[in-house]
Amino acid sequence: MDWHAFRKRFPLPEDEIFLNTGTLGCAANSVIDKLCQSQRKLAATIANWEYLNDDREWITGYTPEKNLRNRLGRLFGANPSEISLTQNATMGINFIAHGLDWQQGDEIIQTNQEHPGARCPWEVLTERNGIVVRQVHLPIPLNDPAEILNRIESAFTERTKLLAVPHITSGLGTVFPVKELCALARAKGVISLIDGAQVPGHVMLNISDIGADAYSASLHKWLFAPAGNGFLYVQKELVNRIWHTQSSEAWKDPDTGFRLQQRGTGNPSLLHALDAALDIFEETGPQNWCLRVKTLGDILRRGIQEMPELRVKLRFNTSTHPELCAGITTIEFADIPSPKVVRHLWDNCKIRVRDVGEPYGLRISTAAYTQEYEVDKLVTKLGELC
Ligand SMILES: Cc1ncc(COP(=O)(O)O)c(C=O)c1O
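### Quick look at the overall build of the chain
Along the backbone of the chain there are 15 helices and 13 strands. Summarising its shape, the C-alpha atoms of the chain cover approximately 65 × 55 × 35 Å along the three principal directions.

What follows is the structure in structure tokens.
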């Protein structure tokens, strides 16, 4: 695979190093072209549209979008009828949180390292319905996979109704043993909801193999779709217990995935562009792609560990256990505030990393388009700060 040629398919300027895919990925030229061409075509042909029942290409939201859902199901190990198109992971998590019936005192389990999009729906339900969130404290750094399982297992009680944890954490990029966690929840009769915002295009994903009851993902990060693309998976036994947070004419459709994607008028061009992003992912090969992400993360972590002055001055907040880390590396200088490092790297070196705040630090995302020389340059520039 020629990864240098791969990088050239993206409109990232040659002299800029983009290492913040954990927030939002860069869409490829072909994806942007598809988006623009589709918008133009839809606008140019709108007067031809009679608005017949099976002819709603212009507005999406009212059509099941079967091709795209089939494709997502095939790529991520799910039955397409269990996939709903959403805007992002936040939307899918909210659909589950606000779609289930809650009794006062029902408990859910989370960690202390949730993204607000996964934490706040439960805060709302705490105030609205009196549910109880049992928050599991995870240490920083976390280098023992068994510790995640043990700490979470000890939070279950007789009132636990749902386990809501990330597949990959937002701040530190810790890869959770989600298959074991979902099995644990199932054995206790508890619903599992996995926050996969950071997952598609980052590590290999097979939802059926994981055994999650619900899985919510964003496609605009590591998979490089334009912003506003995600999906929600809901297992067929759970779907009938989820009330619609958003409903429209097909809210009782037998296609249960379609039922939950009743979003009214949307932008079909975003979906066409998602299809183009999936073309690149499939053409490259998901295995190749995800191995690339992991390898780049390893090169970065090794580069830092092998530089003596960095070893002394830099703290790894991210895990360095091979099973627990992939394309996100979060570090902190002992004596330089992270926002200052972020500004310095951009102003002086055109390197974009992100400060993810206390208690995490500088988050570096090495994605499929990242180049080895870019990682090396970052390590050198960090070394110069010592
Ligand atoms: C673990 C995690 N969950 C949820 C989100 C929210 O993602 P989105 O804004 O795409 O819904 C993020 C975003 O960074 C995240 O990292």
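Let's pick the thread back up.
### Things to note about the sheet that holds strand 3 (residues 107–111)
The sheet built from seven strands is open, its strands ordered 2-8-7-6-5-3-4 with mixed pairing. With partners counted over all chains shown, the strands left at the sheet margins are strand 2 (83–86) and strand 4 (132–136), one partner each. This sheet shows a mean twist of 20° between the axes of neighbouring strands, independent of strand direction. On top of the sheet, helix 4 (residues 89–99) reaches strand 2, strand 6 (191–196), strand 7 (214–218) and strand 8 (230–234); it is set at about 155° to strand 7, its chief contact. Most of the contacts of helix 7 (residues 178–187) go to strand 6, to which it runs at about 160°, and overall it touches strand 5 (160–166) and strand 6.

### Describing the site of the ligand
Among the 13 residues in the neighbourhood of the ligand, the closest are listed as Asn88, Thr90, His115, Ser170 and Ala197. Counting only elements with at least two residues in the shell around the ligand, the list comes to helix 4 and helix 5 (116–129). Grouping the constituent residues of the shell around the ligand by class yields four nonpolar, eight polar and one charged.

### Describing the sheet that holds strand 9 (residues 314–316)
One open sheet holds the four strands; their spatial order is 9-10-13-12, and the pairing between them is antiparallel. The open sheet has two free edges, formed respectively by strand 9 and strand 12 (354–355), since each of these has just one partner strand. Of the strand pairs in this sheet, strand 9 and strand 10 (residues 328–333) are connected by three bridges, and their pairing is antiparallel. The partner of Arg315 across the bridge, within strand 10, is Glu332.

### Focus on the environment of Met1
Along the polypeptide, Met1 turns up in the segment before helix 1 (3–7). Accessibility expressed as a C-beta count within 10 Å gives 12 for Met1, which makes it exposed. Note: C-alpha distance between Met1 and Thr284 (283 residues apart in sequence) is 8.0 Å. For Met1, the residues in contact, after removing those within four places along its chain, are Thr284 and Asn288.

### Points about the nonpolar core
What tends to happen in soluble globular proteins is that the nonpolar side chains get buried as a cluster. If you look at the biggest cluster of nonpolar residues, it comprises 101 residues, and the most contacted ones within it are Ala214, Tyr233, Leu274 and Ala277. By residue number, the principal contributor to this core is helix 11 (residues 268–284), which donates nine residues. Composition of this core by domain shows at least three residues from each of domain 1 (3–19 + 285–384) and domain 2 (37–280). Setting aside residues no more than four positions away along its own chain, Ala277 makes contact with Ala27, Ala28, Val31, Leu223, Phe224 and Ala225.

### Let's talk about the domain arrangement of the chain
For the chain, the domain assignment lists domain 1 (3–19 + 285–384) and domain 2 (37–280). Computed from C-alpha atoms alone, the centre-to-centre distance between domain 1 and domain 2 is 28 Å. On the side of domain 2, 17 residues touch domain 1, which itself brings 25 residues to the contact. Within the residue set of the side of domain 1 that touches domain 2, elements represented by two or more residues are helix 12 (286–306) and strand 10. Here the side of domain 1 that touches domain 2 is built from residues that sort into 14 nonpolar, nine polar and two charged.

### Quick word on the environment of Leu125
Relative to the helices and strands, Leu125 resides in helix 5. A sequence separation of 14 residues divides Leu125 from Pro139, and the C-alpha atoms of the two residues are 27 Å apart. Those residues in contact with Leu125 that lie beyond four places of it in its chain are Ala97, Trp102 and Ile131.

### Quick word on the pairing of strand 8
Extensive coverage of strand 8 is indicated by the burial of five of its five residues. Residues Gly230, Leu232 and Val234 line one face of strand 8 and the alternating positions Phe231 and Tyr233 line the opposite face, and both faces are buried. One ladder, built from four bridges, connects strand 2 with strand 8; its direction is antiparallel. Across the sheet, the residue bridging to Thr86 is Gly230, located in strand 8. In this sheet, strand 8 lies alongside strand 7 in antiparallel orientation, the contact comprising five bridges. In the strand pairing of strand 8, Ser216 is matched with Leu232.

The rules behind these values
- Residues numbered from 1 in each chain as written.
- Predicted model: local features only at pLDDT ≥ 70, side-chain atom pairs only at ≥ 80, totals over all residues.
- Helix = DSSP H or I, 4+ residues; strand = E, 2+ residues; numbered from the N terminus.
- Pairing = 2+ DSSP bridges.
- Axes fitted to C-alpha atoms, helices over the stretch in contact; angles between N-to-C directions.
- Contact = placed C-beta atoms within 7 Å.
- Near = placed C-beta within 6 Å.
- Nonpolar A, V, L, I, M, F, W, Y, C, P; charged D, E, K, R; others polar.
- Buried ≥ 20, exposed ≤ 12 C-beta atoms within 10 Å, placed from the backbone.
- Core = buried A, V, L, I, M, F, W, Y, C linked by C-beta atoms within 7 Å.
- Domains from an automatic or database assignment.

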